[in-house]
Amino acid sequence: MEIKQLSFAADSPPLSVLASAKVAAVVLPTPTIVTDSSSPPTIIFSDGTKLQGTYVLLRYIGRVASLPNFYGEDAFQSSQIDEWLDYSSILSSGSEFENACTYIDSYLEKRTFLVGYCLSIADIAIWSGLAATGLRWESLRKSKKYLNLVRWFNSISIEYSDGLNEVTTTYIGKRGLGKPVTVKSKELQVVNGDISEKGKVGSKTPEVDLPDAEIGKVCLRFAPEPSGFLHIGHAKAALLNQYFAQRYRGELIVRFDDTNPAKESSEFVENLLKDIETLGIKFKKVTHTSDYFDMLMEKAEELIKQGKAYVDDTPREQMQKERMDGIESKCRNNSVEESLKLWNEMIKGSERGLQCCLRGKLDMQDPNKSLRDPVYYRCNPVPHHRIGSKYNIYPTYDFACPYVDAIEGISHALRSSEYHDRNAQYHRIQEDLGVRKVHIYEFSRLNMVYTLLSKRNLRWFVENGKVDGWDDPRFPTVQGIVRRGLKVEALVQFILEQGASKNLNLMEWDKLWTINKKIIDPVCPRHTAVIEERRVLLTLTNGPENPFVRVIPRHKKHEGAGEKTTTYTKRIWIDYDDANSISENEEVTLMDWGNAIVKEIVKDESGNVTQLIGVLHLEGSVKTTKLKLTWLPETTELVNILLMEFDYLITKKKLEEGENFLDVLNPCTKKETAALGDSNIRNLKRGEILQLERKGYFRCDVPFIRPSKPVVLFAIPDGRQATSSK
């Protein structure tokens, strides 16, 4: 039914309804303004039926919108959204407004959206409630009191700036409730799963469509091979599959392409599922290509009997050369009976069978070399991690994938553009097997500078002890980069920013770490460390004779980070580099204490600073000092810590085709620095992210166990720090 009329009272426009319609591209007619202030917002349809009430209209828009999950992914999320719609009314209550802001700010501490992983009408309802208060909300935004709430509000404001600015300009301005929101131009936005720099002209990734896709009839699959952990390139494929499944209200299947038992294991399956869960991928079911081995063998035998496949015993290197040169195999024209005989030898795993493979009989003269009689089956009597030694032959990915896609009901197969030449082979195999055609949609492979994404290459580092495992922080695996300190939210935003473009690109890690910094900086606690080597003691002659303790915030602008204790003593430790930069009689600021004047600098024979003597000057102004120093008290409560910095595994930004990565290995990829940390560091948990003031961001990898064992902190890049490879 078509919406024929929208009406509402002049003094109470339904901002959330108007904003949701703009964001979701739901066309509403020019509203009719009524003078009766008690008249509820009303939509009248072409058949004369009507809907009334702000939240009724809002739910209607949520249901008809093309945005994925705008009214929730399932009944549970829809119910959560309903709760937020009810709660949004509290924002119009003057006495409860700031309490509501405090609650929502706390709720959003680790969330990008109010419900689930994408924008919903709940977000629009709360956003509209805040915007409607005009100057009251604007003043709170500037106070930096609600960092999470402001982050979330700004994100939505910029992501959907065109539509939202039109609504606020038209209705909030007219009501005298404040000016439309002005937002900064360099924040990140996510629009329908695409992310870009907000405010940057032309930065929004255009939405793309799957060919012949119908709402509710799309079925996709994410099909990793269980021969390693999920890396950032796989993550792009997984997230794009989920994006399209949600957009078309379809289904996503996770299928393990377990056709190569020599490289696969149950450990990899378990870790891939862990990585998929980490990324927030929601799927209907998990399947395995090995579930279909019997059917694939039957189909292969049918192709032999139909003359569409043959068994070949040509040595592998010779076969590769003949394919390149378009030379037919001597076995190509063997009789069906001869091929079936050799096929049975392959099934038995005999010595003769080991010399053979099954090839499709396609076209040895085709310019597209993938159609030159590709291999369908190999004899490989290796136990399979799921089904043991039942089979001695295994299908190739090229043969199994088109068939399993078709019988599992996959409507669209997403493949990176590196497989472009194999698309014709994919459809030819489906044609020969007599199964329905599956649409292919290509996207560009994600390539990162100074990074190897080939599992074969990554496996070399693991097997040769160059890294500590698949979750090593130098690895581009999901577990590796999360262990280094990357928030999953940043990874998802970064990957979705690439969209489903087919353009090849080489991405900088700096961009990913910059997104990460925007997420962690407003909330991570602050701590203090002093590098152990050559640290210098500063004696404050008028300092406290008896140490005293103060409780101060772990983050001055984020109460949720909690509190920490700081001990103030007459003798304090500072970094050597800081001590070496101080002049005699210079006034400096001791962070979280006040100013001090350095009266005397003691040096050894080589001119190295060994001791400083000074006086507290707490009445001094921090604005007049050049040096703001971090420091630690001279106490036995300090914690031994080990700061770990990492570099790229290779020294070349991009390997050329045919270039061996072993020729560009980085000889030094890890740096360890011993330091002392404040006593509060003993309370850190594994995985907790913190900032060591004036040193950078870190993730706790090994927490405090005992005084003799250091706490291990991994340095987190912030997008600005140069590495030795650079």
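Residues numbered from 1 in each chain as written. Predicted model: local features only at pLDDT ≥ 70, side-chain atom pairs only at ≥ 80, totals over all residues. Heavy atoms only, no water.

Looking at an unreviewed UniProt entry, the chain carries the name glutamate--tRNA ligase, with the source organism given as Hevea brasiliensis. Its UniProt record gives the chain the following Subcellular location (unreviewed entry) comment, quoted word for word: "Cytoplasm". (UniProt positions renumbered as here; feature names shortened; annotations may be inferred.)

Caption draft 1: Just the overall build of the chain, in detail. Within the chain one finds 20 helices and 33 strands. Projected onto its principal axes, the C-alpha coordinates of the chain cover approximately 100 × 85 × 40 Å. Within the chain, buried positions represent 54% of all 726 residues. If you take every contact in the chain between residues at least 6 apart in sequence, the share linking residues at least 24 apart comes to 71%. (Helix = DSSP H or I, 4+ residues; strand = E, 2+ residues; numbered from the N terminus. Buried < 20%, exposed > 50% of the residue type's maximum accessible area, 1.4 Å probe, protein only. Contact = heavy atoms within 4.5 Å.)

Caption draft 2: Geometry of helix H2 (residues 54-64). Residues of H2 that are buried: Leu 57, Leu 58, Arg 59, Ile 61 and Gly 62. In the core, the buried residues of H2 are packed alongside strand S1 (3-9), helix H1 (15-24), strand S3 (42-45), strand S4 (50-52), helix H3 (75-88) and helix H5 (121-131).

Caption draft 3: Spotlight on the sheet that holds S1. Spatially, S2-S1-S3-S4 is the arrangement adopted by the four strands of the open sheet, whose pairing is mixed. Edge positions in the open sheet fall to strand S2 (32-34) and S4, since each of these has one partner strand only. Here the strands of the sheet are splayed against their neighbours by 20 degrees on average, with no regard to which way each runs. Across the face of the sheet, H2 comes into contact with S1, S3 and S4 while running at roughly 120 degrees to S4. (Pairing = 2+ DSSP bridges. Axes fitted to C-alpha atoms, helices over the stretch in contact; angles between N-to-C directions.)

Caption draft 4: Molecular detail of the packing of aromatic side chains. Per the counting criterion, the structure on display carries 31 aromatic pairs. Aromatic side chains Phe 461 and Phe 661 sit 5.7 Å apart centroid to centroid with 35 degrees between the ring planes, which places their arrangement in the tilted category. Placement of the pair is Phe 461 in helix H16 (residues 455-463) and Phe 661 in the loop between strand S29 (639-646) and strand S30 (670-677), with a sequence separation of 200 residues. The pair formed by Phe 461 and Phe 661 is uniform in burial state, with each residue classed as buried. The rings of Phe 229, Phe 268, Trp 460, Phe 461, Trp 470, Phe 475 and Phe 661 are connected pair by pair, giving a single aromatic cluster. One residue, Arg 111, lies across the ring of Tyr 107, its end atom 4.0 Å from the ring centre. Above the ring of Tyr 576, the side-chain terminus of Arg 534 is found at 4.0 Å from the ring centroid. (Phe/Tyr/Trp six-rings, centres within 6.5 Å; stacked < 30°, edge-to-face > 60°. Lys NZ or Arg CZ within 6 Å of the ring centre and 35° of its normal.)

Caption draft 5: Fine view of the pairing of S29. Within S29, six of the eight residues are buried, which leaves it mostly tucked inside the rest of the structure. In this structure, S29 lies alongside strand S33 (residues 711-716), joined through four bridges in parallel fashion. Looking at the pairing, Leu 642 lines up with Val 712 of S33.

Caption draft 6: The arrangement of unusual backbone geometry in detail. Phi at Asn 69 is positive, roughly 55 degrees, even though this residue is not glycine. Looking at the secondary structure, you find Asn 69 in the loop between H2 and H3. Positive phi, close to 65 degrees, is recorded for Asp 592, a residue that is not glycine. Note that Asp 592 resides in the loop between strand S24 (586-590) and strand S25 (594-603). You can call Asp 592 partly exposed: its relative accessible area is 29%.

Caption draft 7: Quick look at the sheet that holds strand S18 (residues 526-527). One open sheet holds the seven strands; their spatial order is S18-S31-S32-S33-S29-S30-S19, and the pairing between them is mixed. The open sheet is flanked by S18 and strand S19 (529-531), the only strands paired with a single partner. Across the sheet, helix H19 (residues 509-520) lies against strand S31 (689-692), strand S32 (696-702) and S33, angled at about 120 degrees from S33, the strand it touches most.

Caption draft 8: Expanded view of the nonpolar core. Counting residues in each nonpolar core, the largest one holds 57 residues, and the members touching the most others are Phe 70, Leu 114, Leu 130, Trp 137, Leu 149 and Trp 152. The element contributing the most residues to this core is H5, with eight residues. Discounting chain neighbours no more than four positions away, the residues touching Leu 149 are Cys 101, Ile 104, Asp 105, Leu 108, Leu 130 and Trp 137. By size, the runner-up hydrophobic cluster in this structure holds 53 residues, among which are Leu 210, Leu 272, Leu 496 and Ile 520. (Core = buried A, V, L, I, M, F, W, Y, C linked by side-chain atoms within 4.5 Å.)

Caption draft 9: Up close: the state of the cysteines. In this structure the tally under the stated criterion is zero disulfides. Considering cysteine sulfurs only, Cys 356 is the nearest to Cys 357, which forms no disulfide, with 7.6 Å between them. Between Cys 379, a cysteine without a disulfide, and Cys 356, which holds the nearest cysteine sulfur, the sulfur-to-sulfur distance is 7.9 Å. (Disulfide = S-S within 2.5 Å.)

Caption draft 10: Inspection of the environment of Ser 389 at higher detail. Relative to the elements of secondary structure, Ser 389 occurs in the loop between strand S12 (375-379) and strand S13 (393-395). Accessibility expressed as a relative area gives 56% for Ser 389, which makes it exposed.

Caption draft 11: Geometry of the pattern of salt bridges. Evaluated as defined, the whole model comprises 39 salt bridges. Where Lys 145 meets Glu 98, a salt bridge forms, and the shortest distance between an N and an O atom there is 3.3 Å. Of this pair, Lys 145 sits in the loop between helix H6 (135-142) and helix H7 (147-159) while Glu 98 sits in helix H4 (residues 97-107), and the two are 47 residues apart along the sequence. Note that Arg 483 and Asp 471 form a salt bridge whose closest N and O atoms lie 3.7 Å from each other. With Arg 483 in helix H17 (residues 478-484) and Asp 471 in the loop between H16 and H17, the pair connects residues that are twelve residues apart, well separated along the chain. Take Asp 471: its relative accessible area is 26%, and that puts it in the partly exposed class. Through salt bridges with shared partners, a single ionic network connects Asp 471, Arg 483, Arg 686, Arg 699 and Asp 701. (Salt bridge = Lys/Arg side-chain N within 4 Å of Asp/Glu carboxyl O.)

Caption draft 12: Local environment of the pairing of strand S15 (residues 439-443). Among the five residues that make up S15, four are buried, leaving the element largely enclosed by the rest of the structure. In this fold, strand S14 (residues 412-416) hands off to helix H15 (residues 423-433), which returns the chain to S15; that crossover is right-handed. (Right-handed = clockwise from strand over helix to strand, strands pointing away.)

Caption draft 13: Seen up close, a nonpolar patch on the surface. On the surface, Leu 273, Phe 283 and Val 286 cluster together to form a nonpolar patch covering roughly 200 Å² of accessible area. Looking at the secondary structure, you find Val 286 in strand S9 (residues 285-288). The exposure class assigned to Val 286 is partly exposed, which follows from its relative accessible area of 34%. (Patch = residues over 30% accessible without salt bridge, like charges linked within 9 Å, V, L, I, M, F, W, Y side chains within 5 Å. Areas by Shrake-Rupley, 256 points an atom, 1.4 Å probe, with all protein chains shown as cover.)

Caption draft 14: Inspection of the environment of Ile 495 at higher detail. Note on placement: Ile 495 falls in helix H18 (residues 488-498). Using a relative accessible area of 0% as the deciding quantity, one classes Ile 495 as buried. Considering only alpha carbons, one finds Ile 495 and Tyr 107, 388 residues apart in sequence, at a separation of 25 Å. Sequence-distant contacts of Ile 495, that is, excluding residues within four places in its chain, are made with Ile 232, Ala 235, Lys 236, Leu 239 and Leu 446.

Caption draft 15: How the structure looks around the side chain of Thr 314. In this structure, Thr 314 sits in the loop between strand S10 (309-312) and helix H12 (316-325). Side chain to side chain, Thr 314 and Asp 312 meet in a polar contact 2.6 Å long. Of note is the side chain of Thr 314, whose polar atom sits 3.3 Å from the side chain of Ser 329. If near-sequence neighbours (up to four positions away) are discounted, Thr 314 is found in contact with Met 319, Glu 322, Ser 329 and Lys 330. (Polar contact = N/O pair within 3.5 Å; in protein donor to acceptor, adjacent residues only side chain to side chain.)

Caption draft 16: A look at the confidence of the model for the chain. When pLDDT is averaged along the chain, the result is 89; 94% of the residues meet or exceed 70. Here residues 174-206 is modelled with pLDDT under 50, and outside its nearest four sequence neighbours on either side it reaches 88 contacts, counting other chains as well. (pLDDT = per-residue confidence, 0-100.)

Caption draft 17: Examining the side chain of Thr 630 more closely. Mapped onto the secondary structure, Thr 630 falls in the loop between strand S27 (628-629) and strand S28 (632-633). Judged by relative accessible area, Thr 630 falls into the buried class, the value being 2%. Polar side-chain contacts of Thr 630 include one of 3.2 Å to the side chain of Arg 694. In contact with Thr 630, not counting residues within four places along its chain, are Thr 528, Trp 573, Ile 574, Asp 575, Asp 578, Met 591, Glu 693, Arg 694 and Lys 695.

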